[in-house]
Amino acid sequence: MTPRERVKAALAHAQPDCTPCDYFATPEIQQGLIEHFGIGADEPAEDRNTVAQRLGTDVRYISPPYIGPPLPEFDDGSTINIWGIRRRPMPNEYGEYAEPVGTPYAGWKTVEEAQQFDWPDPDWYDYEAIPALCRQYPEMAIAAGDFHFQDFINGIAYGRGVEQALMDIATEDPVFLYIRDKRFRFYQEHAERILEAGKGRIDLLLCGDDFGSQRGTLISPATFDRLFAQQKKDLFDMVHSHGALVTHHCCGSSRALIPRFIECGMDSLQTIQTRAAGMNPYELKAEFAGQIALHGAVDVQGWLQRASVEQIEGEVNHLMDEVGAGGGLIIAPSHQIQPDTPLENVLAFYRTVARRRGTKLPGDA
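Residues numbered from 1 in each chain as written. Predicted model: local features only at pLDDT ≥ 70, side-chain atom pairs only at ≥ 80, totals over all residues. Heavy atoms only, no water.

### A look at the packing of aromatic side chains
Next up, step 1: Using the criterion set out here, one finds 24 aromatic pairs in the structure.
Next up, step 2: Taking the centre distance of 4.9 Å and the plane angle of 20° together, the rings of tyrosine 105 and tryptophan 108 count as stacked.
Next up, step 3: Given a relative accessible area of 0%, tyrosine 105 falls into the buried group.
Next up, step 4: A residue is classified by how much of its surface remains accessible, and tryptophan 108, at 11% relative accessible area, is buried.
Next up, step 5: When the centroid spacing of 5.9 Å and the interplanar angle of 20° are considered together, the rings of phenylalanine 152 and phenylalanine 228 count as stacked. (Phe/Tyr/Trp six-rings, centres within 6.5 Å; stacked < 30°, edge-to-face > 60°. Buried < 20%, exposed > 50% of the residue type's maximum accessible area, 1.4 Å probe, protein only.)

### Considerations on the pairing of strand β6 (residues 204–208)
Next up, step 1: Where burial is concerned, most of β6 is hidden: five out of the five residues are buried.
Next up, step 2: Side chains Leu204, Leu206 and Gly208 project from β6 onto one buried face, and the interleaved Leu205 and Cys207 project onto a second face that is buried too.
Next up, step 3: Pairing geometry for strand β5 (residues 141–150) and β6, over four bridges, is parallel. The residue bridging alanine 143 from the neighbouring strand is leucine 204, located in β6.
Next up, step 4: The pairing of β6 with strand β7 (residues 245–249) spans five bridges and is parallel. Each bridged residue has a counterpart across the sheet, and for cysteine 207 the counterpart in β7 is histidine 248. (Helix = DSSP H or I, 4+ residues; strand = E, 2+ residues; numbered from the N terminus. Pairing = 2+ DSSP bridges.)

Dropping the structure here:
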């Protein structure tokens with residue numbers, strides 16, 4: 001099978017020739033792999049697809065170039081994104097993470113105040129570039145989007161503050177609902193224009209919302225039904241109308257919402273944070289086989305950092321044998337591979353997949 005055929009078979013819950021795989025990593029891990037593989041200045045090293053090619057993964061991600069108003073940058077390394085959110089790299093023990101600085105939506109008490117904000121426009125992207133991007137990957141599964149497509153809770157919390165956003169959800173605050181609708185309309189149009197430009201060549205749309213915590217869902221199924229289900233269904237229906245499928249990122253424990261996700265038309269649940277309550281991938285496969293695919297399942301919340309190479313080989317093979325049986329799995333990190341992960345452990349993961357295919361990673365004997 002080609003990588004595209006392999007991914008499409010898995011998402012159709014049919015047995016592929018081998019389990020497809022995918023790659024997500026922090027900048028620190030990306031840089032480590034660039035150095036390991038000797039990726040030179042003549043290649044787009046900042047592009048995740050360059051490293052993904054070396055790792056032998058099956059999915060390539062494309063995005064239309066930004067052509068909108070210049071986005072502010074500051075001397076402290078912070079930038080402001082299209083939603084007016086300023087994020088600054090914050091150092092930690094192992095690297096850094098871009099944390100929000102300030103809460104530009106927090107003071108709004110009325111919808112009228114929110115209406116005065118300079119909201120983004122889908123016209124700020126060059127969709128004419130999409131066909132050429134697709135042509136770079138003739139046999140690969142092609143995905144558009146990212147975790148932040150829709151991303152109602154996180155996206156609004158960055159501007160309102162987490163506590164205020166959760167209170168907004170509880171009270172169904174009109175300001176929160178207005179911002180939700182702005183995000184919905186933007187990404188609905190943005191995603192559709194990407195898919196239209198792809199002319200059937202884009203196989204997946206990656207979108208997201210973090211509905212889970214470590215111990216359970218952040219919201220009840222009833223709240224999901226009232227505030228988010230219709231927006232999810234409308235996006236999923238639109239994606240399906242263009243012959244593509246949806247893989248939806250959701251951190252934390254979302255098991256109580258998975259029946260709702262299926263009802264909305266979600267094809268694949270991306271992340272599968274195995275240490276969160278109820279997110280054991282073997283249990284999820286047993287309960288939801290044939291109804292929703294799993295995209296992730298290799299634990300990066302401590303396990304990949306500490307496991308031996310032998311343990312990694314054993315677990316990756318077990319996941320492919322059990323969760324990947326009959327399709328329904330794209331094996332991948334459960335989130336971005338974290339910067340405290342030994343590079344040898346990252347390579348052990350992808351080397352195990354390659355061996356199952358009878359191939360090798362570059363540089364392997």
